[in-house]
Amino acid sequence: MEARAQLKYARISPRKVSIVLDLIRNKPVDLAMAILKHTPKAACEDLQKLLKSAMANAENNHNMDVSRLYVAQCYVSPGPILKRIRPRAQGRAFRILKRTSHVTLVLKEKE
């Protein structure tokens, strides 16, 4: 039995999110929440909300015991890229890529 939560179209680069996901992979949910709370990264705020959502899904939809949950899988995949233009010298244009992310978090119960 597993509970999952997804965050789609987050306006943060997948590369930045994956750094934080590596910190919480295979950790119990209470420890993962503490790590997210005390890590000074931009992705932590969104991932905290995602972890809370996954915990609520586990408790309410799958009748799982929250104290025995751990982060079984967490991964990020790139979403659509917003392309913007920045003016440069001599009439040239410079492209800015504003990347988005799709984050998936899967929780399982310890045996």
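Above this text you will find the structure in question.
The rules behind these values
Residues numbered from 1 in each chain as written. Predicted model: local features only at pLDDT ≥ 70, side-chain atom pairs only at ≥ 80, totals over all residues. Heavy atoms only, no water. Helix = DSSP H or I, 4+ residues; strand = E, 2+ residues; numbered from the N terminus. Expected span 1.5 Å × (residues − 1). Contact = heavy atoms within 4.5 Å. Axes fitted to C-alpha atoms, helices over the stretch in contact; angles between N-to-C directions. Parallel < 35°, antiparallel > 145°, perpendicular 65-115°, else oblique. Left-handed = near helix turned anticlockwise from the far one by under 90°. Nonpolar A, V, L, I, M, F, W, Y, C, P; charged D, E, K, R; others polar. Core = buried A, V, L, I, M, F, W, Y, C linked by side-chain atoms within 4.5 Å. Buried < 20%, exposed > 50% of the residue type's maximum accessible area, 1.4 Å probe, protein only. Arc of directions from axis to C-beta.

Asker: What should I look at first to understand helix H3 (residues 44-62) in this one?
Answerer: One turn of the α-helix equals 3.6 residues, which is why residues spaced by three or four share an orientation. Between its first and last C-alpha atoms H3 spans 26 Å; for 19 residues at 1.5 Å apiece the expected length is 27 Å, and the two agree. Elements that come into contact with the buried residues of H3 comprise strand S1 (2-10), helix H1 (14-24), helix H2 (29-37), strand S2 (69-78) and strand S5 (101-109). Positioned one or two residues after H3, Asn63 has a phi angle of 50 degrees, which is positive.

Asker: What exactly am I supposed to notice about the packing of H2 against H3 here?
Answerer: A pair of packed helices is characterised by two quantities: the angle between their axes and the separation of those axes. For the pair H2 and H3, the least separation of the axes is 9 Å and the interaxial angle reads 160 degrees. Considering the angle they form, H2 stands roughly antiparallel to H3. Judged by the twist between their axes, the crossing of H2 over H3 is left-handed. Facing Val29, Ala32, Met33, Leu36 and Lys37 of H2, the residues of H3 in contact are Cys44, Leu47, Gln48, Leu51, Lys52 and Met55. Looking at the contact of H2 with H3 residue by residue, the class counts come to 8 nonpolar, 1 polar and 2 charged.

Asker: Looking at this structure, I do not really get the nonpolar core. What am I missing?
Answerer: Counting 27 residues, the largest nonpolar core has Leu47, Leu51, Leu105 and Leu107 as the members making the most contacts within it. No other element matches the 7 residues that H3 contributes to this core. Excluding residues within four positions of it along the chain, Leu47 makes contact with Val17, Val20, Leu21, Leu36 and Val103.

Asker: Looking at this structure, I do not really get H1. What am I missing?
Answerer: The set of residues buried in H1 consists of Pro14, Val17, Val20, Leu21 and Ile24. All buried residues of H1 lie within an arc of 125 degrees about the axis, which places them on one face of the element. Away from the buried face of H1 by more than 90 degrees, exposed residues Arg15 and Lys16 are located. Looking at the packing, one finds that the buried side of H1 touches H2, H3, S2 and S5.

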